[in-house]
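Structure assessment
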2 protein chains.
Amino acid sequence: MRIVVLAGGIGGARFLRGLKQAAPDAEITVIGNTGDDIHLFGLRVCPDLDTVMYTLGGGINDEQGWGRTDETFHLKEELAAYGVGPEWFGLGDRDFATHVVRTQMLGAGYPLSAVTEALCARWKPGVRLIPMTDDRVETHVAVTLPPEGAEGAAGDGAGAGAAGEQRAIHFQEYWVRLRASVPAHAVVPVGADQAKPAPGVLEAIAEADIILFPPSNPVVSIGTILAVPGIREAIADAGVPIVGLSPIVGGAPVRGMADKVLAAVGVETTAAAVAEHYGSGLLDGWLVDTADAAAVERVTAAGIRCRAVPLMMTDLDTTARMAEEALTLAEEVRA
Amino acid sequence: MRIVVLAGGIGGARFLRGLKQAAPDAEITVIGNTGDDIHLFGLRVCPDLDTVMYTLGGGINDEQGWGRTDETFHLKEELAAYGVGPEWFGLGDRDFATHVVRTQMLGAGYPLSAVTEALCARWKPGVRLIPMTDDRVETHVAVTLPPEGAEGAAGDGAGAGAAGEQRAIHFQEYWVRLRASVPAHAVVPVGADQAKPAPGVLEAIAEADIILFPPSNPVVSIGTILAVPGIREAIADAGVPIVGLSPIVGGAPVRGMADKVLAAVGVETTAAAVAEHYGSGLLDGWLVDTADAAAVERVTAAGIRCRAVPLMMTDLDTTARMAEEALTLAEEVRA
């Protein structure tokens, strides 16, 4: 059985660990989000690809969900001592090596997909991990930053008030530095419209028996992957069951701040609204948490087969049962 | 009093620590060797500049003489796990940050001299540290590598034997990886003939009251600095006392493998021969160790004022006394 999974970071990676246990013989291809990639200290950092790679390869810091186990932050401490930031992005000493190797290979002319394959040769994640694209895509968030001073600019007049500054900032700055604490008005995957799917992406989708959307962020993770021209169409046209798992439980994200970016794209933070956001043109089946059993009727009415099952990934066995439920729903859709 | 010191790595740095204690009110300008700089993992590494900066700034690993105190090597371990080398060069996690900052600034267009000044703004070494040049100079060593197999190449005939391979390798490969264990035939500061002294170098020499050659390697440290066109001439023409301290004690280098590179340039490993190598056209005074008291006569005969004093830098006070002896000898030369 060939399964294609579109994945962001922590949520996608943990789901994949469960999926591997639930379907040990499946050939799993992971199409990873690269919209939250960032250039720091001259290095190309790919947080989502690395979270998948480390999680499935046994190198993840399990408690925090990202970064390496047995990590130290001496390099970062020293950069800060030199006054070189940003300090808000947590690059550990071990993690740094991954970015050094990646940056050197990219500099030597290898595309990111080949680099990712080379890095995975060490980690052996047990899945084929492909970045959504070898082209540069960078998710920016249009925000209103709070005003720094109380007074408006000269000539603003009495009515200007302290409206704050409109700016587009890198997703990581919004997510990690600001903890999504400022109003977001739009999420823009800059460069996506010019990007091409990486080699293997469309082929994997065309050859898939099942396509899964794990409980990753529907806007900045899966939404960004779907923004690469050709990927959404290939999935919709694949003619195989497409099943997703809600990252929203009880009206709130299981982790992270998906509610903030859902609001930016005008989607309410409910399991049903996310399913409708994907739409029946894309999604065949949708799992919601038992806490959201009331949503089943609405999702079903939208033309998407839906069931309520436990969706909290508290441990590996629970996560594997979620994956089994998704595969079962996929087979029901197929039948 | 303005003192200019030409410095390599460990020997130069330790001497400078003593000189600062011996002459606390002096303005000391250090012209640092950059011929052993190396590009590793996409980063510009300047071992000698950093050793001076860390030693005088309180960040050095005192036992080994290079690298940072409280250092870890997690990044390097991870690079090795990816199969990315070289493994023989010891880049620690804290040390790595210095190279990251340097490489970013160089990439942004700052010359190495400005970068070094910026790094020193953190370390406050108490001296003005200037690289000998902002241009790229890379010391290569012509060596005979031992033959890998016993058989000569096809067609070599019976007489070819196992002569070994002639190659020019980077100084660090010769010094650190091979521990100077293969025959060296020549030492070539590649690029030196096209290099210009960094801003401030010739000015500092012209304004100096005393110029010192610490017990650094006379070939690959001080010799490389002198190979930058204009520096040797400026020193010889400065009209102030030029005093050196022998790095050779009892016919052997105090540390390192200076004997190997001295042999490559046809200089015997004795305190007297090194003084003659610099020559009376450059050197006014020369301190040898008490173990080499017999050399005083030969050096004096070569037109260089010479005295035997303890030259082992066993601790800071001893080193400060060495520096005092050098300053005293300089004043005798002047008088």
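Residues numbered from 1 in each chain as written. Chains lettered and ligands numbered in written order. Predicted model: local features only at pLDDT ≥ 70, side-chain atom pairs only at ≥ 80, totals over all residues.

**Looking at the packing of helix 4 (residues 93–107) of chain A against helix 3 (residues 74–81) of chain B**
Two elements in contact, helix 4 of chain A and helix 3 of chain B, have axes separated by 7 Å at closest approach and are oriented at 45°. Classified by the angle their axes make, helix 4 of chain A and helix 3 of chain B are oblique. For the crossing formed where helix 4 of chain A meets helix 3 of chain B, the hand is right-handed. Seen from helix 4 of chain A, the contacting residues are A:Asp93, A:Arg94, A:Phe96, A:Ala97, A:Val100 and A:Val101; seen from helix 3 of chain B, they are B:His74, B:Leu75, B:Glu78 and B:Leu79. (Axes fitted to C-alpha atoms, helices over the stretch in contact; angles between N-to-C directions. Helix = DSSP H or I, 4+ residues; strand = E, 2+ residues; numbered from the N terminus. Parallel < 35°, antiparallel > 145°, perpendicular 65-115°, else oblique. Left-handed = near helix turned anticlockwise from the far one by under 90°. Contact = placed C-beta atoms within 7 Å.)

**Notes on the sheet that holds strand 6 (residues 138–145) of chain A**
Strand-to-strand pairing in sheets goes through backbone hydrogen bonds, with the strands running parallel or antiparallel. Residues and elements named next belong to chain A. Across the sheet, 3 strands lie side by side as 7-6-8; this open sheet has antiparallel pairing. The outermost strands of the open sheet, each flanked by one partner alone, are strand 7 (165–170) and strand 8 (184–190). With strand direction ignored, the average angle separating the axes of adjacent strands in the sheet is 25°. (Pairing = 2+ DSSP bridges.)

**Examining the relation of the copies chain A and chain B**
The transform that puts chain A on chain B rotates by 180° and translates by 0.0 Å along the axis, for an RMSD of 0.0 Å. One copy is carried onto the other by what is essentially a two-fold rotation axis. Closest approach to the rotation axis within chain A is made by the C-alpha atom of A:Asp93, at a distance of 3.1 Å. An overlap of 100% is found between the interface residues of chain A and their copies at the interface of chain B, pointing to a shared contact surface. (Least-squares fit on C-alpha atoms with pLDDT ≥ 70 in both.)

**Quick notes on the interface of chain A and chain B**
Every contact between the two is made by 20 residues of chain A and, on the other side, 20 residues of chain B. Here the element with the most residues in the side of chain A that touches chain B is helix 4 of chain A; it accounts for 9 residues. Broken down by class, the residue content of the side of chain A that touches chain B amounts to 10 nonpolar, 6 polar and 4 charged. (Nonpolar A, V, L, I, M, F, W, Y, C, P; charged D, E, K, R; others polar.)

**Some thoughts on helix 4 of chain A**
Its 15 residues place the ends of helix 4 of chain A 21 Å apart at the C-alpha level, agreeing with the 21 Å of an ideal helix rising 1.5 Å per residue. Among the residues of helix 4 of chain A, those classed as buried are A:Asp93, A:Arg94, A:Asp95, A:Phe96, A:Ala97, A:Thr98, A:His99, A:Val100, A:Val101 and A:Arg102. The secondary structure elements touched by the buried residues of helix 4 of chain A are strand 4 (43–45), helix 2 (47–57), helix 3 (74–81) and helix 5 (112–123) of chain A together with helix 3 and helix 4 (93–107) of chain B. Where helix 4 of chain A ends, the next residue or the one after it, A:Gly109, has phi of about 105°, a positive value. (Expected span 1.5 Å × (residues − 1). Buried ≥ 20, exposed ≤ 12 C-beta atoms within 10 Å, placed from the backbone.)

**Thoughts on the confidence of the model for chain A**
One rule of thumb: low pLDDT means the predicted coordinates there are not for detailed reading. Residues and elements named next belong to chain A. On average, residues of chain A carry a pLDDT of 94, and 96% of them reach 70 or more. Within the model, the stretch residues 150–160 combines pLDDT values under 50 with 4 contacts to residues more than four positions away or in other chains. Scoring the predicted complex yields pTM 0.91 and, for the interface, ipTM 0.90. (pLDDT = per-residue confidence, 0-100.)

**A closer look at the sheet that holds strand 13 (residues 285–288) of chain B**
Residue and element names in this part refer to chain B. The 7 strands are arranged 5-2-1-9-10-13-14 in an open sheet whose pairing can be described as parallel. For this open sheet the edge positions go to strand 5 (128–131) and strand 14 (305–308), each flanked by a neighbour on one side alone. Pairwise comparison of adjacent strand axes, ignoring direction, gives a mean angle of 20° for this sheet. Where strand 1 (residues 2–7) meets strand 9 (residues 210–213), 3 bridges bridge the pair, whose relative direction is parallel. Counted as the bridge partner of Val-5 is Leu-212 from strand 9.

**Regarding the pairing of strand 10 (residues 242–245) of chain A**
Residue and element names in this part refer to chain A. By the alternation rule, side chains of strand 10 split into Ile-242 and Gly-244 and Val-243 and Leu-245, which are all buried. Note: strand 9 (residues 210–213) against strand 10, 3 bridges, orientation parallel. Bridge pairing in strand 10 places Phe-213 opposite Gly-244.

**With respect to the packing of helix 2 (residues 47–57) of chain B against helix 5 (residues 112–123) of chain B**
All names here are of chain B. As a packed pair, helix 2 and helix 5 sit with axes 10 Å apart at the nearest point and diverge in direction by 20°. Between helix 2 and helix 5, the interaxial angle falls into the category roughly parallel. Helix 2 and helix 5 meet at a crossing whose hand is right-handed. Packed against helix 2, whose contacting residues are Leu-49, Met-53, Tyr-54 and Gly-57, the element helix 5 presents Thr-116, Leu-119, Cys-120 and Trp-123 at the interface.

**Here's the deal with the environment of A:Ala142**
Residue and element names in this part refer to chain A. By the element assignment, Ala-142 lies in strand 6. On a C-alpha basis, the gap between Ala-142 and Leu-49 in space is 24 Å, while along the polypeptide they are 93 residues apart. Not counting the four nearest positions on each side in its chain, Ala-142 is found in contact with Ala-168, Ala-184, His-185, Ala-186 and Val-188.

**Describing helix 5 of chain A**
Residues and elements named next belong to chain A. Between its first and last C-alpha atoms helix 5 spans 16 Å; for 12 residues at 1.5 Å apiece the expected length is 16 Å, and the two agree. Within helix 5, burial applies to Leu-112, Ser-113, Val-115, Thr-116, Leu-119, Cys-120 and Trp-123. In a view along the axis of helix 5, the buried residues occupy a sector of 155°, so they form one face of it. Where helix 5 is buried, its residues touch helix 2, helix 4 and strand 5 (128–131). (Arc of directions from axis to C-beta.)

**Focus: unusual backbone geometry**
Look at the link from A:Gly85 to A:Pro86: it is a cis peptide, with omega at 10°. Along the chain, A:Pro86 falls in the loop between helix 3 and helix 4. At A:Lys124, a residue that is not glycine, the phi angle is positive and equals roughly 45°. Structurally, the position occupied by A:Lys124 is in the loop between helix 5 and strand 5. Residue class for A:Lys124 comes out exposed when judged on the 11 C-beta atoms lying within 10 Å of it. If you check the backbone angles, B:Arg179 has positive phi at about 50° while not being a glycine. Looking at the element boundaries, B:Arg179 is found in the loop between helix 6 (171–177) and strand 8 (184–190).

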